[in-house]
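Now for the letters of each chain:
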Amino acid sequence: MIDSSPGPRGLMKRLREVMAETLGAQDRLDKIVRHIAANMIAEVCSVYVLRSDDVLELFATEGLNPQSVHEASLMVGQGLVGSIAANAKTLNLDDAQNHPAFRYLPETGEEIYNSFLGVPILRSGRALGVLVVQNQAKRIYRDDEVEALETTAMVLAELIAAGELEGLDKQGRGLDSSRALNLTGAALADGIGLGHVILHEPRVVVTNLFNENAEYETKRLAEALGQLRISIDGMMNNGNVPRVGEHREVLEAYRMFANDRGWVRRMEEQIQNGLTAEAAVEKVQSDNRARMMRQSDPFLRERLNDFDDLAYRLLRELVGRPHGPLTDQMDSDYIVVARNMGAAELLDYSGPNLRGLALEEGAPTSHVVIVARALGIPVVGQLSNVVSLADSDNAVIVDGEEGLVFLRPSEEVESAYGEKVQFRAKRREVYKQLKDLPATSKDGVDVSLLMNAGLLMDLPNIIPSGAAGIGLFRTELQFMVSSRFPRIGEQEELYRSVLDASDGLPVTFRTLDIGGDKVLPYLRAEQEENPALGWRAIRLALDRPGLLRTQLRALLRAAGGRELKVMIPMVTETREIFRVKEIIEREVALLKKFKHQVPDKLLIGAMIEVPSLLFQMDDLLRAVDFVSVGSNDLFQFVMASDRGNARIAKRFDPLNRGFLRVLRKIVVAADAHQKPLTLCGEIAGKPLSALALLGLGYRSISMAAAAIGPVKAMLLETDIAKLQTSLLEEIEKPYGGQTIREFLTDHAASQGIPY
Ligand code: PEP
Ligand code: MG
């Protein structure tokens, strides 16, 4: 007998009983629709489930023709039901038949039902189906009825996600959470990785939905909120955000949200409706996520993201799960999946079994990607919704060559990739054999292939990579992975190990390049409107001379009796170089006074990253011993194109004529002054763009260790003289912003140059 005791609590009670009964999934679903119809005094209650082919299939109904179950269906986006699934948004209509999206399904025997209430069945913000009630009488459903139906949809989400509904598996159908998905993103770091998913901020799946005692659950929620507020205050007060790297603004937003009465009230209401504290958090969060997905304003979207993160923290408080990576997940091959993350956060996951990184955001020159390259793992970015689509432990393949990610791959895909991995391993063997060959082009031009480094873990790669030295040592990475300023002794020790490991090969140390997107959680800095153009790198160092002095002292001591090359980042005017020189001279004098050994030879260089230098090349080149082009930043500033912004990452090609003319101008100036020139941005590490650099006249380039083999293979087959003449002509052709990529690929193909 169907109990129709009114109101959401009565319905929850019924649903709890149905879920506890030993029933098949279909029977359970049939029973649930009957209860809902009775409880809400609706003539119709139906459940549509989303299949892997984006079709919503009628899975159960009370009130429509029972023969149409498993027969009636709609595409996502089609009809009222399809648009609810597409937009993950509830529709509450008193005149459904005249709604523009209404679509009549004859097989259902649908009569004139004027009122229509449909809610998406959401799990982690994604629609698994749609739950509908209908009435003949014209009316708008009350807010408490909408709430009750949405809450019921959560129960259905669990039922569907359990994967026991027949007809899904049997007919080769699967749901989002189990079906294979091929996602296309941007190839950010080369390589192929196979493993299981580790979600950077793991989703907590709530399975215990119904409460026994609302008062007890309200108390649990209050306690967890209390803990959450304490932990946020703690993070704010010591200025240190373990493992999450969010800056102050985000924390402030978190604090504000954690005290938001509206949020708390909505969760309390859900408990009153019969949910556990966890389920109440999940329900409210699900609503928020659905809102977030519809939000196109990036600022508001970001704020809703913060809310989302906060809800997960609250869930973890409730289920007692710690933050950060769980080391037992790292025992076998794994791929980290994240919306975005800081460079230091990625290092939390580094280990022998880390196989790749998949990001919703990310751009080729963002620092997390640079660090991933240093770790030798493939990265695919700009994968929309990958965090929602992936579940912990799912099998996944990251193809950093093509920019593809295969979630829950089929056996065929997995075995094809297994072969690809073997093929690449063989190719690596070939590169290894090139290691001892001189880096000389086919027409006998020597080129210095250097490596970029920044961490202790890079050091074992120096010799095996066949690099001619370190062209860029990013000293800030040590600062970024530390929870406080590294002491002078620690800095000196790292610099000494770098020089030791390089075994006499040249090393160029870059002074601290912090600010911009390289955030130190312990360095309190004012919020800046445009951090990339703000208080960063040498600007910050000159304003905090204590920091720079300490670093220079550590470098001078570490290089006692050897050569020391120091390079200054983000130079804008030559005056900055003179100021650094003064500090260095003072430090050298001091060390001598105290009888410390000083470097045998000291060379000071500048990075060319800011366009203003292009108009003072003569002054600059007179002021330094060497220069190095930081093409990542130079490109960003020349093109006014944020290097970390996924949205514009593909908009301009670094191989466009305008930018290559800039790079050529630098070669001509450096040659005229006979000053050594290197280029150390990411374009040096791709064989095709490195080929362009050779043609432009670059004879020293610095790249990730793993890129040296492929770039050397390209160099050995290149006749530079032949390339140079035609390339210099090509870049001078009338400028329409066109890339010369095709010119280069044609040239490489016709000359048999591997790229
Ligand atoms: C650059 O800007 O090209 C560079 C090498 O420095 P970073 O990527 O560390 O800013
Ligand atoms: Mg830079």
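Note that the structure is a prediction, hence the values are computed from the model and not measured. (Residues numbered from 1 in each chain as written. Chains lettered and ligands numbered in written order. Predicted model: local features only at pLDDT ≥ 70, side-chain atom pairs only at ≥ 80, totals over all residues. Heavy atoms only, no water.)

Undergrad: Tell me about the overall build of the protein chain, and please be specific about residues and values.
TA: Assigned secondary structure in the protein chain consists of 26 helices and 22 strands. A compact globule built from 755 residues would reach a C-alpha radius of gyration of about 27 Å, and the protein chain, at 30 Å, matches this within 12%. Expressed along its principal axes, the backbone C-alpha trace of the protein chain runs to roughly 95 × 60 × 45 Å. The buried share of the protein chain, reckoned over its 755 residues, is 56%. In the protein chain, the proportion of contacts linking residues at least 24 apart, taken out of those at least 6 apart, comes to 68%. Per element, the accessible surface of the protein chain, about 31,600 Å² overall, is 50% carbon and sulfur. Taking the average place of the 88 positive charges on the side chains of the protein chain and the average place of its 104 negative ones, the gap between the two points comes to 6 Å. (Helix = DSSP H or I, 4+ residues; strand = E, 2+ residues; numbered from the N terminus. Rg over C-alpha atoms; globule rule 2.2 N^0.38 Å. Buried < 20%, exposed > 50% of the residue type's maximum accessible area, 1.4 Å probe, protein only. Contact = heavy atoms within 4.5 Å. Areas by Shrake-Rupley, 256 points an atom, 1.4 Å probe, with all protein chains shown as cover. Lys, Arg positive; Asp, Glu negative; His and termini not counted. Charge placed at Lys NZ, Arg CZ, Asp CG, Glu CD.)

Undergrad: I'd like to hear about the packing of aromatic side chains, residue by residue, with values.
TA: If you walk through the whole model with that rule in mind, you get 5 aromatic pairs. With a centroid separation of 5.4 Å and an interplanar angle of 65 degrees, the aromatic rings of Y495 and F509 are classed as edge-to-face. Here the residue Y495 occupies a position in helix α16 (residues 488–502), and F509 occupies one in strand β17 (residues 507–510), the gap between them amounting to 14 residues. Look at Y495 and you get buried, because its relative accessible area is 0%. Judged by relative accessible area, which is 1%, F509 ranks as buried. Grouping aromatic residues by their ring pairs yields a cluster made of F473, Y495 and F509. (Phe/Tyr/Trp six-rings, centres within 6.5 Å; stacked < 30°, edge-to-face > 60°.)

Undergrad: Please give an account of the pattern of salt bridges that cites residues and values.
TA: This model, assessed by the stated rule, comprises 37 salt bridges. The closest approach of N and O atoms between K432 and E429, which form a salt bridge, is 3.5 Å. You can see K432 and its partner E429 sitting in helix α13 (residues 411–434), 3 residues apart, about one turn around the helix. Taken together, the shared-partner salt bridges connect E476, R510, D513, R536, D633 and R643 into one network. (Salt bridge = Lys/Arg side-chain N within 4 Å of Asp/Glu carboxyl O.)

Undergrad: Provide a residue-level description of the sheet that holds strand β3 (residues 73–75), including the pertinent values.
TA: Ordered by their spatial adjacency, 6 strands build an open sheet running β3-β2-β1-β6-β5-β4, and the pairing between neighbours is antiparallel. For this open sheet the edge positions go to β3 and β4 (91–93), each flanked by a neighbour on one side alone. The average undirected angle you get between the axes of adjacent strands in this sheet is 20 degrees. Sheet topology places β4 next to strand β5 (residues 115–123); 3 bridges connect them, and they run antiparallel. (Pairing = 2+ DSSP bridges. Axes fitted to C-alpha atoms, helices over the stretch in contact; angles between N-to-C directions.)

Undergrad: Residue-level account of the domain arrangement of the protein chain, with values.
TA: Under the domain assignment, the protein chain is made up of domain 1 (8–161), domain 2 (181–203 + 326–411), domain 3 (214–319) and domain 4 (438–631 + 674–751). Once you take the C-alpha centre of each, domain 1 and domain 4 turn out to be 61 Å apart. (Domains from an automatic or database assignment.)

Undergrad: Would you mind going over the site of ligand 1 in detail, with residue names and values included?
TA: The full set close to ligand 1 counts 16 residues, and R474, R510, E609, N632 and R643 are the nearest of them. Between S631 and ligand 1, the recorded distance is 3.0 Å, taken from a backbone N or O atom to an oxygen atom. Measuring from an oxygen atom of ligand 1, one finds a side-chain N or O atom of D633 at 3.0 Å. Considering ligand 1 on its own, with 290 Å² of exposed area, one finds that the protein chains cover 100% of that surface. Elements supplying a minimum of two residues to the shell around ligand 1: α11 (367–375), β16 (470–474) and α21 (631–638). By residue number, the principal contributor to the shell around ligand 1 is α21, which donates 3 residues. Of the residues assigned to the shell around ligand 1, the class counts are 4 nonpolar, 5 polar and 7 charged. (Near = heavy atom within 4 Å. Polar contact = N/O pair within 3.5 Å; in protein donor to acceptor, adjacent residues only side chain to side chain. Nonpolar A, V, L, I, M, F, W, Y, C, P; charged D, E, K, R; others polar.)

Undergrad: Residues and numbers for the nonpolar core, please.
TA: Among the nonpolar cores identified, the biggest contains 122 residues, and L663, I666, Y698, I701 and L744 are the most heavily contacted of them. In terms of residue count, helix α22 (residues 657–673) provides more of this core than any other element does, 8 residues in total. Counting residues domain by domain, this core receives three or more from each of domain 2 (181–203 + 326–411) and domain 4 (438–631 + 674–751). In contact with I666, other than residues within four places in its own chain, are I608, L614, M617, V629, L634, L677 and Y698. (Core = buried A, V, L, I, M, F, W, Y, C linked by side-chain atoms within 4.5 Å.)

Undergrad: Account for the coordination of the magnesium ion (ligand 2), with residues named and values stated.
TA: Those protein atoms acting as donors to the magnesium ion (ligand 2) are E609 (OE) and D633 (OD), and they sit at 2.0 Å. Here D633 lies in helix α21 and E609 lies in the loop between β19 (601–608) and α20 (617–623), a separation of 24 residues in the sequence. Each member of the pair, E609 together with D633, is buried. (Donors = N, O, S within 2.8 Å, 3.2 Å for Na, K, Ca; no water.)

Undergrad: Give a description of the pairing of β17 that names residues and reports values.
TA: Residue alternation in β17 divides its side chains into two sets, V507 and F509 and T508 and R510, and both sets are buried. Relative to β17, β16 is paired through 3 bridges, and the arrangement is parallel. Its bridge partner lying in β17, R474 is registered against R510. Summarising the sheet, β17 and strand β18 (residues 563–568) pair through 3 bridges and their orientation is parallel. Of the residues in β18, the one forming a bridge with R510 is M567.

Undergrad: I'd like a rundown of the confidence of the model for the protein chain, residues and numbers included.
TA: Averaged over the protein chain, the pLDDT score is 87; the fraction of residues at 70 or greater is 90%. With pLDDT under 50 throughout, residues 169–176 is counted as low confidence; its partners more than four residues away or in other chains account for 17 contacts. Contacts for the low-pLDDT stretch residues 238–247, under 50 throughout, to residues beyond four places or in other chains number 25 contacts. (pLDDT = per-residue confidence, 0-100.)

Undergrad: So, the pairing of β19: which residues are in play, and what are the values?
TA: Counting buried positions along β19 yields 6 of 8 residues, so the element is predominantly enclosed. Direction of pairing for β18 relative to β19: parallel, over a ladder of 6 bridges. Residue L564 lies in a different strand from β19, and its bridge partner there is L602. Considered for its hand, the β-α-β crossover made up of β18, helix α19 (residues 574–593) and β19 is right-handed. Pairing geometry for β19 and strand β20 (residues 626–629), over 4 bridges, is parallel. Note on β20: the bridge partner recorded for A606 is V627. In this fold, β19 hands off to α20, which returns the chain to β20; that crossover is right-handed. (Right-handed = clockwise from strand over helix to strand, strands pointing away.)

Undergrad: Could you give an account of the packing of helix α18 (residues 545–558) against α19, naming the residues involved and the relevant values?
TA: Contact geometry for α18 and α19: axes closest at 10 Å, N-to-C directions at 55 degrees. As judged from the angle between their axes, α18 and α19 are oblique. Two packed elements cross with a definite hand, and for α18 against α19 that hand is right-handed. Along the contact surface, α18 presents L548, R549, L552, R553, L556 and R557, while α19 presents V580, I583, I584, R586, E587, V588, L590 and L591. When the residues that make up the contact of α18 with α19 are grouped by side-chain class, the tally is 9 nonpolar, no polar and 5 charged. (Parallel < 35°, antiparallel > 145°, perpendicular 65-115°, else oblique. Left-handed = near helix turned anticlockwise from the far one by under 90°.)

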